Amino acid sequence: MDSISMISSLIFILCAFCFSGANSSTLGVNYVSRLLEIQERERAPSSLQLTAAYGVLNRLIPSHFSTFEFHIITKDHCDGEFCFNISNHPGSAREGSPEILISGTTAVEILSGLHWYLKYWCGAHISWIKTGGAQLASVPYPGSLPAVQDAGIVVKRPVPWSYYQNAVTSSYTFAWWDWVRWEQEIDWMALQGINLPLAFTGQEAIWQKVFKNFNISTSNLDDFFGGPAFLAWSRMGNLHRWGGPLPQSWLDQQLILQKKILARMFELGMTPVLPAFSGNVPAALKHVFPSAKISRLGNWFTVNSDPRWCCTYLLDATDPLFVEIGKAFIEQQLKEYGRSSHIYNCWKMSIYCSDTFDENTPPVDDPEYISSLGATIFEGMQSADSDAVWLMQGWLFTYDPFWRPPQMKALLHSVPLGKLIVLDLYAEVKPIWATSKQFYGTPYIWCMLHNFAGNVEMYGVLDAVGSGPVEARISDNSTMVGVGMSMEGIEQNPVVYDFMAEMAFQHNPVDIKAWINLYSRRRYGRFVQPMQDAWNILYHTIYNCTDGAYDKNRDVIVSFPDVEPKSISTLQIALNNIHEQYGKRYLGRAILEVANDSYDKPHLWYSNSDVIHALKLFLESGNQLSDSSTYRYDLIDLTRQALAKYANELFLDVIEAYKLDDLYAVSHLSQKFLGLVKDMDMLLGCHDGFLLGPWIERAKKLAQDEDQERQFEWNARTQITMWFDNSEEEASLLRDYGNKYWSGLLRDYYGPRAAIYFKFLIESLEEGNGFNLRGWRREWIKLTNNWQNSRNGFPVKSTGDALNVSQWLFEKYLQDLGSHDH
């Protein structure tokens, strides 16, 4: 056994009791026990699950296909819990025999066990392809796999479910996926132990068939459905038609794709969550049923309340038609898919689907009224599926003062106990379970939201993730039934998702420093001391955000301030307090926050000089690790992170020079900023995970003709730039919400946009006039709209040497910034 495997195994064995734990069912698990029993009876046959599990093994590490044997066992072998068991194969001494036997209560448990073994005995690491892919080079050759202790290892789930996805992930990340990419994702889910994923793909085709029976034509639905990149918000009732209409070929292909997705999820023993009716209806329904209680909602972020895409229609939950449509929708899904897991989610669509109370406050706060609404929504599900359970996201309770205890309790108690499960959606930052008496007795899932809009930003709260789910589960009268990941976009920050997924099997708080030390070895396949030191810094800085701030990437490059420059505060001060980290004391610098500042300053929760020092350690490790895709991804991401924060300060330097009427400094510094943007674009072009090209090309690939290709590409470009509508002088209120640090986007869009702003700064100083804010807006909005409609191509494969480029940029911009002594 090599040193990595030996150390990993020893640490794991020492902590084995932490991982296995005792029977830890909560009150919440008892409440959902009937659903669990039903799902157990209806789960795919063992033979089908085993075939699916072996398929994942073959796609992951085909060279070791014959070295593992899988068995399905009953929960009786695990004291009634979901579990996996890793043991040495009884025939392993015979040549050609399997070496490791992994048993589990479902195929997901088996694959979780496979992943666990590869992590803790072979020093391997599995992440998304875009974030470096799987590091399997450390896995020994067949015939020499490390043995586990004679008694084997049993790892039980402390709670039954591991939830995955956010309603908007379907648009921010999945919009253009084909079956090949979906198969990779479902494999990843199973290996991470995820058994409760959303399954929202293809629902528009279901709605088309349902509404046809209510005399709504296909042309009526052209105005109802959003475009492919905006379907999540169309489903929520936030908008209609924007980016549409949907071609029939799109509807058909997405339904075929959904059937493949569901089939594979069921084969693996997962519990896919299907959508349910929320009250969001086409405008035409008001004419077909003139006596129905259908109201029009208010504007959601459009400019000038444009009726072409704003102000959707809502069917009152008290109208008899509500239950009729809700029943028809679920029945149509059952007809198309042949089965259901009995868990349904209507997310945050309209005000009468409580999830959508997020976007629209209910008309009255009478608890009895709220209770009647919740009961009616559930009736629409239960009328078609007597075993239905409503999965409701709890984001609305996070920020809306409307939801005082009586209103919250009325909603949660409107459904029979055990028939409603709440997602504590942002629990790593603002847990609701702790302030709501465990959701007033309602079962809930502790979720990590983490990412907004798929922004590229190194960020995490590992301390909260490593202890929060355990604290919630062992609290008095706990109703927790699962853990979950509810990010808006994936394929970033692999360390956070590796760790959070593992919490589905952890019974005690995790020693994160020890976990991080193992992570850096697994991530790159070998021990390199500078990398250990670098990750220790990253854990204490980037991945330990404790200020509770709403994290949304507003770096100047990707979210350029649309404000009068003299309104921007540029004052920088040395903090009087002394920070102490890693045994060193030093003065820090920070930007003074001004309450009336006119733009949303980027969130910075750590010392950038510490992160620059971590980057220096990364670069020192390059000679040993440059052949690793995971290393190259992390090196580029960390270099990008440091340069982005430097660019924020450089922008303020430009503004300060402008306030001082220093034309030379403005010209010089703005050119330095623009040069930095181009350099960062080149850096990002060194890894496939940071390219704009694949996003656009995937969109075009799904088109059936030239018109569709143009439409889909416009959708793809618009979502990551302006997002929603605009006028000639007023940008979208959602512009840059979906910003991305992608090569091609910086060079082709973010850089030219910044250049326009700097041009107006220079003209203002040359002419002695004030800044022409109106002119700036007209030009950059025109640039954006033209870019959204353009058709130029971008590379889909990376070029350049990540280590050389990162080293060059470090020396050019950063090495003098990390000045304090470490």
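Just so you know, the residues in each chain are numbered from 1, in the order the chain's sequence is written. In view of the model being predicted, local features appear only for residues whose pLDDT reaches at least 70, and side-chain atom pairs are presented and counted only at 80 or more, with totals across whole chains, interfaces and linings using the full set of residues. The side-chain quantities take in all heavy atoms of the structure and omit both hydrogens and water.

Chemist: Tell me about the overall build of the protein, and name the residues and values.
Modeler: Looking only at helices and strands, the protein has 31 helices and 17 strands in total. Radius of gyration: over C-alpha atoms. The globule rule applied is 2.2 Å multiplied by the number of residues raised to the 0.38 power. Over its C-alpha trace the protein gives a radius of gyration of 27 Å, about what one expects of a compact globule, namely 28 Å for 822 residues. Here the term buried applies to any residue with accessible area under 20% of the maximum for its type, exposed to any over 50%, and partly exposed to those in between, with areas from a 1.4 Å probe on protein chains only. Burial status across the protein gives 65% buried among its 822 residues. In this analysis, two residues are considered to be in contact whenever any of their non-hydrogen atoms come within 4.5 Å of each other. Residue pairs at least 24 apart in sequence account for 78% of intrachain contacts in the protein once pairs closer than 6 positions are excluded. Using a 1.4 Å probe, the Shrake-Rupley method yields the accessible areas, and only the shown protein chains count as cover for residues. Carbon and sulfur atoms form 51% of the exposed surface of the protein, whose accessible area is close to 29000 Å². Of the side-chain charges in the protein, 68 are positive and 91 negative, and the distance between the mean point of each set is 2 Å. To qualify as a helix, a DSSP run of H or I must reach at least 4 residues; to qualify as a strand, a run of E must reach at least 2; elements of each kind are numbered from the N terminus. The charge count includes Lys and Arg as positive and Asp and Glu as negative, but it does not include His or the ends of the chains. Where a charge lies is defined by one atom per residue type: Lys uses NZ, Arg uses CZ, Asp uses CG and Glu uses CD.

Chemist: Provide a residue-level description of the sheet that holds strand S5 (residues 161–164), including the pertinent values.
Modeler: Ordered by their spatial adjacency, eight strands build an open sheet running S6-S5-S15-S14-S13-S12-S11-S7, and the pairing between neighbours is parallel. In this open sheet, the two strands that pair with only one neighbour each are strand S6 (196–197) and strand S7 (274–275). In short, DSSP must find at least two bridges between two strands for them to pair. Across two bridges, strand S11 (residues 343–345) lies against strand S12 (residues 389–393) in parallel orientation. Among the inter-strand pairings, Ile-343 is bridged to a residue of S12, identified as Val-389.

Chemist: Could you give me a rundown of the domain arrangement of the protein, with the residues and numbers involved?
Modeler: Where each domain starts and ends comes from a domain assignment, either automatic or drawn from a database. Examined at the domain level, the protein breaks down into domain 1 (23–156), domain 2 (200–271 + 273–416) and domain 3 (540–817). Of note, the centres of domain 1 and domain 2, computed from C-alpha atoms alone, are 37 Å apart. Each partner contributes to the interface: domain 1 provides 17 residues, whereas domain 2 provides 14 residues. What counts as buried area is the accessible surface, traced by a 1.4 Å probe, that two parts surrender upon association, with contributions from both included. The junction of domain 1 with domain 2 conceals about 1100 Å² of combined surface from both sides, 54% of it contributed by carbon and sulfur atoms. Looking at the side of domain 1 facing domain 2, the largest losses of area belong to Leu-35, Gln-39 and Glu-42, adding up to 37% of the total buried there. By definition, a salt bridge exists where a carboxyl oxygen of Asp or Glu is found within 4 Å of a side-chain nitrogen of Lys or Arg. Connecting domain 1 to domain 2 are one salt bridge. Among the ionic pairs, Arg-34 bridges to Asp-387, the shortest N-O distance being 3.1 Å. The set of elements that each furnish at least two residues to the side of domain 1 that touches domain 2 consists of helix H4 (33–42), helix H5 (46–60) and helix H6 (107–120).

Chemist: Now, about the packing of H5 against helix H8 (residues 179–191): what can you tell me, with residues and values included?
Modeler: All axes here are fitted lines through C-alpha atoms, helices being fitted over the stretch that makes contact, and every angle between N-to-C directions spans 0 to 180 degrees. Running from N to C, H5 and H8 point in directions that differ by 105°, and their axes come no closer than 10 Å. Our classification of the angle between H5 and H8 gives roughly perpendicular. From H5, Val-56, Arg-59 and Leu-60 reach across to H8, where they touch Glu-183, Asp-187 and Leu-191. Under the scheme applied, nonpolar residues are Ala, Val, Leu, Ile, Met, Phe, Trp, Tyr, Cys and Pro; charged residues are Asp, Glu, Lys and Arg; polar residues are all the others, including Gly. Of the residues in the contact of H5 with H8, the class split is three nonpolar, no polar and three charged. Here the angle decides the label: under 35 degrees means roughly parallel, over 145 means roughly antiparallel, 65 to 115 means roughly perpendicular, and every other value means oblique.

Chemist: Could you give an account of the packing of aromatic side chains, with specific residues and numbers?
Modeler: Any two rings among Phe, Tyr and Trp, with Trp reduced to its six-membered ring, count as a pair given centres within 6.5 Å; such a pair is stacked if its planes are under 30 degrees apart, edge-to-face if over 60, and tilted if neither. For the structure shown, the criterion picks out 69 aromatic pairs. Between Phe-560 and Phe-758 the ring centres are 6.0 Å apart and the planes differ by 80°, which places this aromatic pair in the edge-to-face class. One end of the pair, Phe-560, is in the loop between helix H22 (529–540) and strand S16 (572–581); the other, Phe-758, is in helix H29 (residues 745–767), and 198 residues separate them in sequence. Owing to a relative accessible area of 2%, Phe-758 belongs among the buried residues under this scheme. The ring of Phe-82 has Lys-75 sitting right over it, with the charged end atom 4.2 Å from the ring centre. Put simply, a charge is over a ring when the Lys NZ or the Arg CZ is close to the ring centre, within 6 Å, and near the line of the ring normal, within 35 degrees. In this structure, Arg-717 packs its charged tip against the face of Trp-787, placed 4.5 Å from the ring centre.

Chemist: Now, about the state of the cysteines: what can you tell me, with residues and values included?
Modeler: Pairs of cysteine sulfur atoms within 2.5 Å are identified as disulfides in what follows. Summed over the entire model, instances satisfying the criterion amount to two disulfides. A sulfur-sulfur distance of 1.7 Å marks the disulfide that ties Cys-78 to Cys-83. The same class applies to Cys-78 as to Cys-83, namely buried. Disulfide pairing is shown between Cys-310 and Cys-311; the S-S distance is 2.3 Å. Here the S-S torsion is close to -70°, and the disulfide linking Cys-310 with Cys-311 is therefore left-handed. Comparing Cys-310 with Cys-311 shows no difference in burial state: the two are buried.

Chemist: Hey, could you go over the pairing of strand S3 (residues 100–104) for me, with residue numbers and the actual values?
Modeler: Most of S3 is tucked away, with five of its five residues classed as buried. As paired strands, strand S2 (residues 83–88) and S3 are joined by five bridges and run antiparallel to one another. Counted as the bridge partner of Asn-88 is Ile-100 from S3.

Chemist: Can you tell me about the sheet that holds strand S9 (residues 294–296), naming the residues and giving the values?
Modeler: Taken together, the three strands give an open sheet; going across it, the order is S8-S10-S9, and neighbouring strands pair in antiparallel fashion. Edge positions in the open sheet fall to strand S8 (280–281) and S9, since each of these has one partner strand only. The sheet contact formed by S8 and strand S10 (residues 313–315) spans two bridges and is antiparallel. Within S10, the position partnered with Asn-280 by the bridge is Leu-314.

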